[in-house]
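# Observations on the three-dimensional arrangement
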Amino acid sequence: MINVLVVEDDAAVAAVILGRLTEPDYATRHARTGREGLACAQAERFDVITLDRLLPDMDGLTLLGRLRAEQITTPVLLLSSMGDVGHRIAGLRAGGDDYMVKPFSPDELAMRIEVLLRRGREYPADAVLRVGGLELDLIKRQAWLAGEHVPLLHKEFRLLEFMARHPGQTINRQMLFEQVWGYFFEPSDNLINVHVSKLRRKLERTGHPSPIRTIKGEGYRLDPA
Amino acid sequence: MFRLTAALSVLFTIAAVGLIAVIATLTEAELTARTDQVLSHEMHRLAGLPPARLPAQIAALIASSASGLNYYALVGRDGRTIAGNFALNTVPRGDGAFEVTAGQAVAVPLRAMVARLPDGEQIEVARDITQIIDVRHRIFAITALSGIAVIVVALLAGALLSRGPLRRVAAIRAVAAQIAAGELTLRMPVTRHGDELDLIAGMVNAMLDEIERLIDQVKGATDAIAHDLRTPLAHLRHRLQALAQLDGDGPDATLAPVVADAIVDVDQVLRRFNALLRISELQVSGRQAGFAPIDPMPLLAEIAELYEPLADERGIALSLHGEYGLVIRGDETLLLEVISNLVENALKFVGEGGHVCLSVTAAGDRAVIAVRDDGPGIPQNERAMVLGRFQRGSAAGKTAGMGLGLSLVAAIVHMHGFTLSLDDAQPGLIVRVTCQRLDMLQ
């Protein structure tokens, strides 16, 4: 079970977070102010903290600075309505481990928490990722669908790998753009659609249906089976 | 300022020279009139004598007058000189005195007068006017020299006097250029002199205060609306999302696509608000924390690779030209966004079979990043307008877009101190971002 401290003053946003991070996978603790959040983080050990950037009594970055000054190294996912690159950089420089812009998809939040927890873990040298009929050789950067080889370019492989690491979860376009291309500006929907369509066509050339689904208004999902 | 001083100097010189010329003319006229009076008096005296006495009288006058000053002659009907110390070769028609140049009759210049007697003989009287001619020459020389001297002194004085005001004008110009480039917080320098320049600078500053206040008011209102609406919209999106994820006990299944469409619409509005706030933040922040030396060519190559599938799908040829190794200073993430926006725009407006070319070239100490297309282009009178928020060119028609992309590009380019230009690519549009090269500075 993953212990998450949710520091959020906005009741509606808190409800979305707490509604997604439920048992049996998650145990959550909700703090409505910065002081309460700091007290919780000092008193208990959490696996991840989600921290609102703007709190009524304390700036989120100040709270983050206090945590880091007290050697509390729990991964922190900053949540903010300020999505400019400058704000993201400031948040990450202040000691944040990831930055999400509101509004966000609850699935994306869960996914980012997973990514934070996985960070730093090395994959075994012969790692092969298998999701349903899809098989990815992470060392040789090769892909197969139902045993048929799928020739992919570098970015296409990274796109498929990222989706395969989060099977069954809806991934929005912005997150793909950040995680696969490393860009933090907002791409046009068409741009990511075209890349995913191209990948899908390559997968379908094997004679088998592509496991990538489009979720309207949300993004994409790789079906696990 | 200097030109005004120079013009005043020339006017002053002309006035001074004119005054000297008038004095010279009047002086010469006065001296000539006096000479003519003397000649007339002499002539009157001689003409009143009996003709038989004239040779003797002329000889007496020559003997009594100072050597080389007065000249007399009695010329017979046959043109021979009966008596006298000179002879006029030619005599102009008409009465009155006339001038005879040096060497014509005698070695010196003369003022002469001729009277014809009833018996056909003629009396000629003349007077040396070397002094008058000398005065004339001297006055001319004085006029020329004093004119030159006045011009030189006036120009020097003008240059010296205008140095201070020129320095202030240069300072005002420099500030005005920065204000024109968007630094609306700057103000014209005002000294303690309280002169006309300070008066104008004060008026411009008051005008700028008012412009800044109005812009802040308009922008503040827009930003406040965007900011305040973002939170309830975010809540709305979360609720729609929760609705979409309800299983079984949720609303009628036919509502699912309606909810999905509503989420897309809310995302559109949020995207607009985010872009709007982002432009405002870029315009005011001027942040340079992420600035570093960058070679633009790899950025262009990245963007070309990113957009190639989209261009392929639309049947548009996307090409890349340029040189590696040019170095500029900027924020890599923001410059990627600029190029991405420009390519996205070009691909949006170029039809199937069209071309989009990305390039970076050296132009002296500048590097020019350009995105060129052969689409419909933007009419010249709309090029400045499309850089504003929510502004779209007439060629945009029903093409999807918020009218914020170029505004964002302009804000980022301005933040870097680069220049942005939109020109006719004949056919199509060429957008250039001109940047200072660091490798040339070193």
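Please refer to the structure higher up on the page.
Residues numbered from 1 in each chain as written. Chains lettered and ligands numbered in written order. Predicted model: local features only at pLDDT ≥ 70, side-chain atom pairs only at ≥ 80, totals over all residues. Heavy atoms only, no water.

### Some details on the sheet that holds strand β2 (residues 81–84) of chain B
To summarise the sheet geometry, strands pair through backbone hydrogen bonds and adopt either a parallel or an antiparallel arrangement. Residue and element names in this part refer to chain B. In space, the five strands of this open sheet follow the order β2-β1-β5-β4-β3, with antiparallel pairing throughout. Two strands in the sheet have a free side with no partner beyond their single neighbour: β2 and β3 (98–100). Averaged over all neighbouring strand pairs, the angle between strand axes comes to 25 degrees, with direction disregarded. Pairing of β3 with strand β4 (residues 110–116) involves three bridges; the strand directions are antiparallel. Residue pairing in the sheet places Val100 in a bridge with Leu110 of β4. Docked against the sheet, helix α2 (residues 54–64) engages β1 (70–75), β2 and β5 (122–128), running at close to 165 degrees with respect to β1. (Pairing = 2+ DSSP bridges. Helix = DSSP H or I, 4+ residues; strand = E, 2+ residues; numbered from the N terminus. Axes fitted to C-alpha atoms, helices over the stretch in contact; angles between N-to-C directions. Contact = heavy atoms within 4.5 Å.)

### Quick notes on the sheet that holds strand β11 (residues 419–424) of chain B
All names here are of chain B. Strand order in this open sheet of five strands is β7-β9-β10-β12-β11, and the pairing throughout is mixed. In this open sheet, the two strands that pair with only one neighbour each are β7 (317–322) and β11. Pairwise comparison of adjacent strand axes, ignoring direction, gives a mean angle of 15 degrees for this sheet. Across eight bridges, strand β9 (residues 355–363) lies against strand β10 (residues 366–373) in antiparallel orientation. Residue pairing for β10: Thr361 is matched across the bridge by Val368. In the packing of helix α6 (residues 296–313) onto the sheet, the strands contacted are β7, β9 and β10, and the crossing angle to β7 comes to about 170 degrees. Helix α7 (residues 332–349) contacts β7, β9, β10 and β12 (429–436) of the sheet and is inclined by roughly 25 degrees relative to β10.

### Some words on a negative patch on the surface
All names here are of chain B. Judged by side-chain charge, Glu302, Glu305, Glu308, Asp312 and Glu332 come together as a negatively charged surface patch. Considering each element in turn, the negative patch owes the most residues, four residues, to α6. Glu332 gets classed as partly exposed once you look at its relative accessible area, which sits at 39%. (Patch = residues over 30% accessible without salt bridge, like charges linked within 9 Å, V, L, I, M, F, W, Y side chains within 5 Å. Areas by Shrake-Rupley, 256 points an atom, 1.4 Å probe, with all protein chains shown as cover. Salt bridge = Lys/Arg side-chain N within 4 Å of Asp/Glu carboxyl O. Lys, Arg positive; Asp, Glu negative; His and termini not counted. Charge placed at Lys NZ, Arg CZ, Asp CG, Glu CD. Buried < 20%, exposed > 50% of the residue type's maximum accessible area, 1.4 Å probe, protein only.)

### Focus on helix α3 (residues 60–69) of chain A
Residue and element names in this part refer to chain A. Taken residue by residue, α3 has Gly60, Leu61, Leu63, Leu64 and Leu67 as its buried positions. Looking down the long axis of α3, one finds its buried residues gathered within 155 degrees of arc, a one-sided arrangement. Of the residues one or two after α3, Gln71 is the one with positive phi, at around 60 degrees. (Arc of directions from axis to C-beta.)

### Considering the pairing of β4(B)
The side chains of a regular strand alternate between both faces of the sheet. Residues and elements named next belong to chain B. The buried fraction of β4 is high, at six of seven residues. Bridging between β4 and β5 involves seven bridges; their strand directions are antiparallel. Within β5, the residue paired with Met113 across the bridge is Val125. Once β4 ends, the chain turns through five residues before running back antiparallel as β5, passing Gly120 with a positive phi of about 100 degrees.

### Notes on empty space enclosed by the protein
All names here are of chain B. One pass over the structure, following the stated rule, counts one cavity of 30 Å³ or more. In this model, the largest cavity occupies a volume close to 40 Å³. Considering every element that reaches the lining of the largest cavity, the biggest residue donor is α7, with three residues. Of the residues in the lining of the largest cavity, the class split is five nonpolar, no polar and no charged. (1 Å grid on protein atoms, 1.4 Å probe; cavity = no way out; pocket = protein on both sides within 12 Å on 5 of 7 lines; lining within 4 Å. Points joined across faces, edges and corners; volume = space filled by probe spheres on them. Nonpolar A, V, L, I, M, F, W, Y, C, P; charged D, E, K, R; others polar.)

### Some thoughts on the interface of chain A and chain B
Opposite the 32 residues of chain A that make contact, chain B presents 33 residues. Roughly 3000 Å² of surface becomes buried between chain A and chain B when both sides are summed, with 56% attributable to carbon and sulfur atoms. Viewed at the interface, chain B and chain A are joined by zero salt bridges. Inspection of the chain A/chain B interface yields three residue pairs in polar contact (both at pLDDT 80 or more). (Buried area = accessible area lost by both parts, 1.4 Å probe. Polar contact = N/O pair within 3.5 Å; in protein donor to acceptor, adjacent residues only side chain to side chain.)

### Focus on the packing of helix α1 (residues 11–20) of chain A against helix α5 (residues 106–118) of chain A
Residues and elements named next belong to chain A. Close contact between α1 and α5 brings their axes to 9 Å; oriented N to C, the two are set at 60 degrees. The angle between α1 and α5 places the two elements in the oblique class. Note on packing geometry: the crossing formed by α1 with α5 is right-handed. Between α1 and α5, the residues in contact are Val16, Ile17 and Arg20 and Pro106, Asp107, Leu109 and Ala110, respectively. Considering only residue class, the contact of α1 with α5 consists of five nonpolar, no polar and two charged. (Parallel < 35°, antiparallel > 145°, perpendicular 65-115°, else oblique. Left-handed = near helix turned anticlockwise from the far one by under 90°.)

### Overview of the pairing of strand β12 (residues 219–222) of chain A
Residues and elements named next belong to chain A. Two strands pair when backbone bridges link them, and strand β10 (residues 170–171) and β12 are joined in this way by two bridges, in the antiparallel orientation. Bridging across to β12, Thr170 finds its partner in Arg221. Remark: three residues form the turn of the hairpin made by strand β11 (residues 212–215) and β12, two consecutive strands paired antiparallel; Gly217 in that turn has positive phi of roughly 80 degrees.

### Quick notes on the packing of α5(A) against helix α7 (residues 173–181) of chain A
All names here are of chain A. Where α5 contacts α7, the two axes come as close as 11 Å, and the packing angle between them is 25 degrees. Classed by the angle they form, the pair α5 and α7 counts as roughly parallel. Residues Glu108, Met111 and Arg112 of α5 pack against Met175, Glu178 and Gln179 of α7. Taken together, the residues of the contact of α5 with α7 sort by class into two nonpolar, one polar and three charged.

### Regarding the nonpolar core
Counting 93 residues, the largest nonpolar core has A:Leu160 and A:Leu176 as the members making the most contacts within it. With 10 residues, helix α5 (residues 255–285) of chain B is the largest single contributor of residues to this core. Each residue touching A:Leu160, except ones within four places of it in the same chain, is listed here: A:Leu134, A:Leu136, A:Ala143, A:Leu152, A:Leu199, A:Leu203, A:Ile212 and A:Leu222. Counting residues in hydrophobic clusters, the runner-up holds 21 residues, among them A:Val7, A:Leu38, A:Ala41 and A:Ile49. (Core = buried A, V, L, I, M, F, W, Y, C linked by side-chain atoms within 4.5 Å.)

### A word on α6(B)
Every α-helix carries 3.6 residues per turn, so stepping three or four residues along brings you back to the same face. All names here are of chain B. In this model, α6 (18 residues) spans 26 Å end to end at C-alpha, consistent with the 26 Å of a helix rising 1.5 Å per residue. Of all bends in α6, the biggest is about 45 degrees, found at Tyr307, and the proline Pro309 comes one to four residues later. Buried within α6 are the following residues: Pro296, Met297, Leu299, Leu300, Ile303, Ala304, Leu306, Tyr307, Pro309, Leu310 and Ala311. Where α6 starts, the residue carrying a side-chain oxygen 3.2 Å from the main-chain nitrogen of Met297 turns out to be Asp295. Immediately downstream of α6, the backbone of Gly315 shows phi near 70 degrees, a positive value. (Expected span 1.5 Å × (residues − 1). Bend = angle between axes of the 7 residues up to and from the residue.)

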